[in-house]
Number of protein chains: 2
Amino acid sequence: MGALIPCIIAGGAGTRLWPVSREAMPKPFMRLPDGESLLQKTFMRATSLPGVERLLTVTNREVFFRTLDDYRLLNKTHAGLDFILEPFGRNTAPAIAAAALHTARLYGEDAQLLVLPADHLITDTQAFEAAVQAARGLADEGWLVTFGIVPSHAETGFGYIEKGQALSHGGYQVAQFVEKPNAATAQEYLKGGLHLWNAGMFCMRVDAILREFEQHAPDVLEAVNTCLAASHRKDGNREIQLELDSNAFGNAPDISVDYAIMERSQKVAVIPCQLGWSDIGSWQAVRDLSPADANGNQCNGETVLHDVHNCYIDSRKRLVGGVGLDNLIIIDTPDALLIADANRTQDVKYIAQELKRQGHDAYRLHRTVTRPWGTYTVLEEGKRFKIKRIVVRPNASLSLQMHHHRSEHWIVVSGMARVTNGEREFLLDTNESTFIKPGHTHRLVNPGVIDLVMIEVQSGEYLGEDDIVRFTDIYGRVPEPPKA
Amino acid sequence: MGALIPCIIAGGAGTRLWPVSREAMPKPFMRLPDGESLLQKTFMRATSLPGVERLLTVTNREVFFRTLDDYRLLNKTHAGLDFILEPFGRNTAPAIAAAALHTARLYGEDAQLLVLPADHLITDTQAFEAAVQAARGLADEGWLVTFGIVPSHAETGFGYIEKGQALSHGGYQVAQFVEKPNAATAQEYLKGGLHLWNAGMFCMRVDAILREFEQHAPDVLEAVNTCLAASHRKDGNREIQLELDSNAFGNAPDISVDYAIMERSQKVAVIPCQLGWSDIGSWQAVRDLSPADANGNQCNGETVLHDVHNCYIDSRKRLVGGVGLDNLIIIDTPDALLIADANRTQDVKYIAQELKRQGHDAYRLHRTVTRPWGTYTVLEEGKRFKIKRIVVRPNASLSLQMHHHRSEHWIVVSGMARVTNGEREFLLDTNESTFIKPGHTHRLVNPGVIDLVMIEVQSGEYLGEDDIVRFTDIYGRVPEPPKA
């Protein structure tokens, strides 16, 4: 049997989980009460499977550094990491085609791709391993194997897979895929025992899926093939980064693998399984993860409640007082607050959509913004000043830069900084500070082995993020000068 | 007719208006949507009355500077200001006894005291002036005059005054004071037309009220008299401060003027009036001040609402998203959030009480803390650092001080500072910064005519507010050394 290459696919924005999930910090990065993100849990699940030596991730290039951070924080570095970085989302068919072509070239036509959405939760990892084992057996016979979750209730929010003829390894040929049903149909499915939830996970040999692409979606395959040829590959020590060319990728049809391949192919199988699976599709689903107290409340953070029942309250930084409430979802973040009827959590997407329409920052960004070198958090903005907390990862470096209109005051509160300030270069230790005048080129490097934490106070007439001239940047954010 | 001395009395904590009203920032300082505090509105109302040359304020000494700030911000300096500063609350009878004794001594036995609670709202100032004019007439005849608000609905939350025999000036002798009625009785009162709401305002000659104290509450009068003799008086340019001795004041009975005098005296009159009066007793009352939109919502701050009706949302700094809500009060402050059923706003006091029981900071303090020299706001606290925004009023000065464990970095973002840092004294202009090492004595003065706004970043192992040694302080916060 060929190598097993888990392929984590990071998808949509998770607008129903606003204000925690946002465009620049989508649902895979959402942290559960145990402190781990959905992405980290998916990574652990994938790399813990027997025989896994490399893991492939298909994601947006905007979140590449954040993804790498999340993986590295787990201190599980045995697996080599491949990345296919998309310039924008193009649905699952182009993503899986790219993953299959990449895997076929590097790890052989007989390698097996295990496609895992980055933002689902699986609590029964033993059952997951067993299901993958069964899927690998069928995949080796040339099947495109889906994973069908045995329904626990008459859910109307998922697509279903109908079992057909029994196959080996406890699997079935797929009779058909069916769209999200109405309540009555969902009830019939639940009773009938033939229908399973489509979890969006797949296991297949790369030659098998590529054959199906050739037959059912040759336009996708051709566009992705052309795109891979035009793309830029960087090889690191244990990492491969393939940055997809944005012009070429733009020619790939925006289509799901279900629609392009699975619903058309004759070679699709399903493994029925019970994995403790959730797609964490709404705040109601998040709430279902933790037990309620005697009043039916689930609280993360400090609360004082008077006659409050059946509420989910998540507020890590601020005290919440509640009086006479029932069945609400309350989600507090530094810059935005959500209060929703718990029966209406699907409608949270309308809030996110409206913010997107307005071009509102609270749709796109959190107060903490991820950069290749670490993060910054805007603590306070006022007239003539802005205060940020800046965290620079060990060995990371901000670009050599200059501002025309603002001065910057840097105070190191933890770690050590190497600072370039105009002509001078010097070390700045914990509790020390320096002052960068407008017009002075400067650079900040963390030469140490622990995070550098700094407070930056900007002051001046104009404090927009666009008052920056970058000279050199180790993350490629300065366009190269045209060749002579 | 004697001089009219309005006397603003600042009373309780306003626990039903948590989280805006807190122990260190009680209800009189609460700002309405127009930006003025209830205290400022009361001050304007009092000093705009014809013939008023001095205004007396009885309040807790903890909020003296804040009170002065609020008055000064109005730029109405024509009235002289007298203050009686209580070391702790002792209900209205001792406060009014002290006010009457003070006024009798300084402004004559025939002076008239107009007692005004600091935290009520009156929108019809013309009707107020007319009512005061009528009350002065009756007061001149020796009556203790109350103001009876003509009920607009069958309110069960107020005490009532029953009209008796008609007097001159449109007034009536008071037949009796009655406690908060039940709903049926309140309905009868509304129909009957004999009962008025007790607004807690009074107008009386000081000799008249002192006679009644002698007769009905001689213990209160004696205790307050003794206390005044032991108290410390400071005379400023246009200000008199009388700081009550805390031991002596502790001997005064904790009793209301209604119970001690008004319900017992035969010389109590009432002026019926319609003043657009509200005691702003709950968030529901605050909500009644502003009109609702087509969905019945009232929003201060940024909101995105989907199927939200009849909600009052006050969130100045953060975006609020709402889905499927009805009839909620949502009050957002930097460190605490209240969500309450709008029919249950009286019960908000239980949240405040529970926080008090826990000794929680969110009962006592806001993130912005008032000091004699201005304010500071804790913007962020973390491991090894704390960031404050410090606002120093013109000509104000922080004490000369020293910290053992922390260094302080000061950055001026607006205005000009005069800094003492160890042996050196220098000016620090906008956009400039300085650094105070642990163990260095330092002082900060605003020598200018506009507010000095500064960002202070503290860093070090220990950042508690108790790591401070004060050497000299113009606000008397350094105990004088014992005389040799």
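An unreviewed UniProt entry annotates chain A as Alginate biosynthesis protein AlgA of Pseudomonas eucalypticola. According to UniProt, the comment filed for chain A under the heading Cofactor (unreviewed entry) is "Co(2+)".

Novice: Is there a simple way to explain the relation of the copies chain A and chain B in this structure?
Specialist: Two copies of one chain are present, and they are related through a rotation about an axis combined with an axial shift. Overlaying chain A on chain B yields an RMSD of 0.2 Å, the required transformation being a rotation through 180 degrees with an accompanying axial translation of 0.0 Å. Read as a symmetry element, the transformation amounts to a two-fold axis. Rotation axis and chain A: the residue whose C-alpha lies nearest the axis is Leu379(A), separated from it by 3.5 Å. Both copies share a contact surface, since 100% of the interface residues of chain A are interface residues in chain B too.

Novice: Would you explain unusual backbone geometry in this entry?
Specialist: Both trends apply: most residues other than glycine have a negative phi, and most peptide bonds are in trans. Residue and element names in this part refer to chain A. That bond from Trp 18 to Pro 19 is cis: its omega, 5 degrees, falls within 30 degrees of zero. Along the chain, the position of Pro 19 falls in the loop between strand E1 (4–9) and helix H1 (38–47). Although it is not a glycine, Asn 327 sits at a positive phi angle of roughly 60 degrees. By the secondary structure assignment, Asn 327 is in the loop between strand E15 (312–326) and strand E16 (328–332).

Novice: Would you mind going over the environment of Ala362(B) with me for this structure?
Specialist: Within the secondary structure, Ala362(B) is located in helix H12 (residues 361–364). According to the relative accessible area criterion, Ala362(B) is buried, its value standing at 3%. In sequence terms Ala362(B) and Val20(B) are 342 residues apart; their C-alpha atoms lie 9.9 Å from each other. For Ala362(B), the contacting residues outside a window of four places in its chain are Leu319(A), Trp18(B), Arg22(B) and Leu355(B).

Novice: I would appreciate a short explanation of the UniProt feature "domain: Mannose-6-phosphate isomerase type II C-terminal" (unreviewed entry) in chain A in the present structure.
Specialist: Mapped onto this numbering, the UniProt entry gives "domain: Mannose-6-phosphate isomerase type II C-terminal" (unreviewed entry) at residues 359–473 of chain A. Structurally, residues 359–473 of chain A is divided into 3% helix and 56% strand, and its ends, taken at the C-alpha atoms, are 29 Å apart.

Novice: Could you clarify how one ought to interpret the pairing of strand E19 (residues 374–382) of chain A in this entry?
Specialist: Regular strands place their side chains on alternate faces of the sheet. Residue and element names in this part refer to chain A. With seven of nine residues buried, E19 lies mostly within the body of the structure. Sheet topology note: the strand E18 (residues 368–371)/E19 ladder contains four bridges and is antiparallel. Counterpart to Thr 370 in the pairing with E19 is Thr 375. Between E18 and E19, which follow one another and run antiparallel, lie two residues. Where E19 meets strand E20 (residues 385–392), eight bridges bridge the pair, whose relative direction is antiparallel. Along E20, the bridge assignment pairs Val 378 with Lys 388. Counting the residues between successive antiparallel strands, the hairpin from E19 to E20 contains two residues, one of them, Arg 384, with a positive phi of roughly 70 degrees.

Novice: Help me understand the interface of chain A and chain B, please; the structure alone is not making it clear to me.
Specialist: A common way to express how large an interface is: the accessible area buried when the components associate. At the interface, 56 residues of chain A touch 56 residues of chain B. The junction of chain A with chain B conceals about 4500 Å² of combined surface from both sides, 62% of it contributed by carbon and sulfur atoms. Connecting chain A to chain B are eight salt bridges. Salt-bridge contacts for Asp332(A) lead to Arg318(B); the nearest nitrogen and oxygen are separated by 2.7 Å. Summed over the shared surface of chain A and chain B, the result is 31 residue pairs in polar contact (both at pLDDT 80 or more). Sorting elements by how many residues they give to the side of chain A that touches chain B places E15(A) first, with nine residues. Its residues placed into classes, the side of chain A that touches chain B shows 28 nonpolar, 14 polar and 14 charged. Of the strand pairs in this sheet, E15(A) and strand E17 (residues 336–341) of chain B are connected by five bridges, and their pairing is parallel. Within the sheet, the bridge partner assigned to Leu319(A) lies in E17(B) and is Ala336(B).

Novice: Help me out: how do you make sense of the side chain of Asp467(A) in this one?
Specialist: All names here are of chain A. As for its placement among the helices and strands, Asp 467 is situated in the loop between strand E27 (452–460) and strand E28 (469–472). At 4.7 Å, Arg 406 is the nearest oppositely charged side chain to Asp 467, a buried residue that forms no salt bridge. Among the polar contacts made by the side chain of Asp 467, one reaches the main-chain amide nitrogen of His 405 at a distance of 2.8 Å. Sequence-distant contacts of Asp 467, defined by excluding residues within four places in its chain, comprise Met 402, His 403, His 404, His 405, Arg 406 and Tyr 462.

Novice: What exactly am I supposed to notice about the state of the cysteines here?
Specialist: Each disulfide is one covalent bond, formed between the sulfur atoms of two cysteines. Residue and element names in this part refer to chain B. For the structure on display, the rule yields zero disulfides over all chains. Unpaired in terms of disulfides, Cys 7 finds its nearest cysteine sulfur in Cys 203, a separation of 12 Å. Take Cys 273: it sits in no disulfide, and the sulfur closest to it among the cysteines is that of Cys 203, at 12 Å. On the accessibility criterion, Cys 273 (6% relative accessible area) is buried.

Novice: Quick question: what am I supposed to make of the pairing of E16(A) here?
Specialist: All names here are of chain A. Most of E16 sits inside the fold, with five of its five residues counted as buried. In the sheet, E15 pairs with E16 via four bridges, with the strands oriented parallel. Following the sheet pairing, Asp 314 is matched in E16 by Ile 331. Pairing geometry for E16 and strand E17 (residues 336–341), over five bridges, is antiparallel. Looking across to E17, one finds that Leu 328 is bridged to Asp 341. Taken together, E16 and the strand that follows it, E17, pair antiparallel across an intervening segment of three residues.

Novice: Looking at this model, I keep getting lost on the side chain of Lys386(B). Mind explaining?
Specialist: Residue and element names in this part refer to chain B. By secondary structure assignment, the location of Lys 386 is in strand E20 (residues 385–392). Separated by 3.3 Å, the side chains of Lys 386 and Glu 465 make a polar contact. Those residues in contact with Lys 386 that sit more than four places away from it in its chain are Val 378, Glu 380, Glu 381, Glu 456, Val 457, Gln 458, Leu 463 and Glu 465.

Novice: So what exactly am I meant to see when it comes to the environment of Val174(A) here?
Specialist: Residue and element names in this part refer to chain A. Looking at the element boundaries, Val 174 is found in strand E8 (residues 172–178). Assessed through its relative accessible area of 13%, Val 174 is described here as buried. Between the alpha carbons of Val 174 and Gln 266 there is a distance of 8.4 Å; along the sequence they are 92 residues apart. With sequence-adjacent residues up to four places away left out, Val 174 is seen in contact with Thr 146, Ile 161, Glu 162, Gly 164, Val 268, Ala 269 and Val 270.

Novice: Which parts of the structure should I look at to understand the packing of helix H6 (residues 206–216) of chain B against helix H7 (residues 218–229) of chain B?
Specialist: Two quantities define a packed helix pair, namely the angle between the axes and the distance from one axis to the other. All names here are of chain B. At a closest axis distance of 5 Å, the pairing of H6 and H7 adopts a crossing angle of 115 degrees. On the basis of the axis angle, H6 is roughly perpendicular to H7. Touching Leu 210, Phe 213, Glu 214, Gln 215 and His 216 of H6 are Pro 218, Val 220 and Leu 221, all from H7. When grouped by side-chain class, the residues that make up the contact of H6 with H7 number five nonpolar, two polar and one charged.

Novice: Whenever I open this one, the sheet that holds strand E25 (residues 433–436) of chain A confuses me. Can you help?
Specialist: All names here are of chain A. Taking strand neighbours across the sheet as the criterion, the six strands line up as E18-E19-E20-E27-E22-E25 in an open arrangement whose pairing is antiparallel. At either margin of the open sheet sits one strand with a lone partner, and together these are E18 and E25. Looking at each pair of strands side by side, their axes are set apart by 20 degrees on average, direction ignored.

Novice: Honestly, the domain arrangement of chain A in this entry has me stumped. Any pointers?
Specialist: Entries for chain A in the domain assignment read domain 1 (4–278), domain 2 (283–358) and domain 3 (368–472). With centres defined by C-alpha atoms, the gap from domain 2 of chain A to domain 3 of chain A works out at 36 Å.

Novice: Just checking my understanding: could you explain the sheet that holds strand E22 (residues 406–414) of chain B for this structure?
Specialist: Strands pair in a sheet through their backbones, by hydrogen bonds, and they do so in one of two ways: parallel or antiparallel. Residue and element names in this part refer to chain B. The antiparallel open sheet is built from six strands, whose spatial order is E18-E19-E20-E27-E22-E25. Every interior strand has two partners, whereas the edge strands, strand E18 (368–371) and strand E25 (433–436), have only one. Within the sheet, the average angular offset between the axes of one strand and its neighbour, ignoring direction, is 20 degrees. In terms of strand pairing, E22 meets strand E27 (residues 452–460) through eight bridges, oriented antiparallel.

Novice: Just to check I follow, could you spell out helix H11 (residues 348–358) of chain A for this structure?
Specialist: Along an α-helix, residues three or four positions apart point the same way, because every turn accommodates 3.6 residues. For H11(A), the full list of buried residues reads Val348(A), Ile351(A), Ala352(A) and Leu355(A). On an axial view of H11(A), the arc spanned by its buried residues comes to 95 degrees, and they lie on one face. Facing away from the buried surface of H11(A) by more than 90 degrees, the exposed residues are Lys356(A) and Arg357(A). Of the surrounding secondary structure, the elements contacted by the buried residues of H11(A) are helix H10 (283–287), E17 and helix H12 (361–364) of chain A together with strand E14 (298–309) and strand E15 (312–326) of chain B. One or two positions beyond H11(A), positive phi appears at Gly359(A), with a value near 70 degrees.

Novice: What exactly am I supposed to notice about the packing of aromatic side chains here?
Specialist: The geometry of two aromatic rings is summed up by the distance between their centres and the angle between their planes. Inspection of every chain in the model, using the stated rule, returns 18 aromatic pairs over all chains. Ring centres of Tyr160(B) and Tyr189(B) lie 4.9 Å apart, and the angle between their planes is 55 degrees; this geometry places the pair in the tilted category. Of this pair, Tyr160(B) sits in strand E7 (residues 160–166) while Tyr189(B) sits in helix H5 (residues 183–192), and the two are 29 residues apart along the sequence. Neither residue differs from the other here; Tyr160(B) and Tyr189(B) are each classed as buried. Members of the aromatic cluster, each reached through a chain of ring pairs, are Phe43(A), Phe64(A), Phe65(A), Tyr71(A) and Phe83(A). The ring of Trp143(A) carries the charged tip of Lys267(A) above its face, separated from the ring centre by 4.2 Å. Looking at Lys388(A), its charged tip hangs above the ring of Tyr376(A), at a distance of 4.0 Å from the centre.

How each quantity is defined
Residues numbered from 1 in each chain as written. Chains lettered and ligands numbered in written order. Predicted model: local features only at pLDDT ≥ 70, side-chain atom pairs only at ≥ 80, totals over all residues. Heavy atoms only, no water. UniProt positions renumbered as here; feature names shortened; annotations may be inferred. Least-squares fit on C-alpha atoms with pLDDT ≥ 70 in both. Contact = heavy atoms within 4.5 Å. Helix = DSSP H or I, 4+ residues; strand = E, 2+ residues; numbered from the N terminus. Buried < 20%, exposed > 50% of the residue type's maximum accessible area, 1.4 Å probe, protein only. Pairing = 2+ DSSP bridges. Buried area = accessible area lost by both parts, 1.4 Å probe. Salt bridge = Lys/Arg side-chain N within 4 Å of Asp/Glu carboxyl O. Polar contact = N/O pair within 3.5 Å; in protein donor to acceptor, adjacent residues only side chain to side chain. Nonpolar A, V, L, I, M, F, W, Y, C, P; charged D, E, K, R; others polar. Lys, Arg positive; Asp, Glu negative; His and termini not counted. Disulfide = S-S within 2.5 Å. Axes fitted to C-alpha atoms, helices over the stretch in contact; angles between N-to-C directions. Parallel < 35°, antiparallel > 145°, perpendicular 65-115°, else oblique. Domains from an automatic or database assignment. Arc of directions from axis to C-beta. Phe/Tyr/Trp six-rings, centres within 6.5 Å; stacked < 30°, edge-to-face > 60°. Lys NZ or Arg CZ within 6 Å of the ring centre and 35° of its normal.

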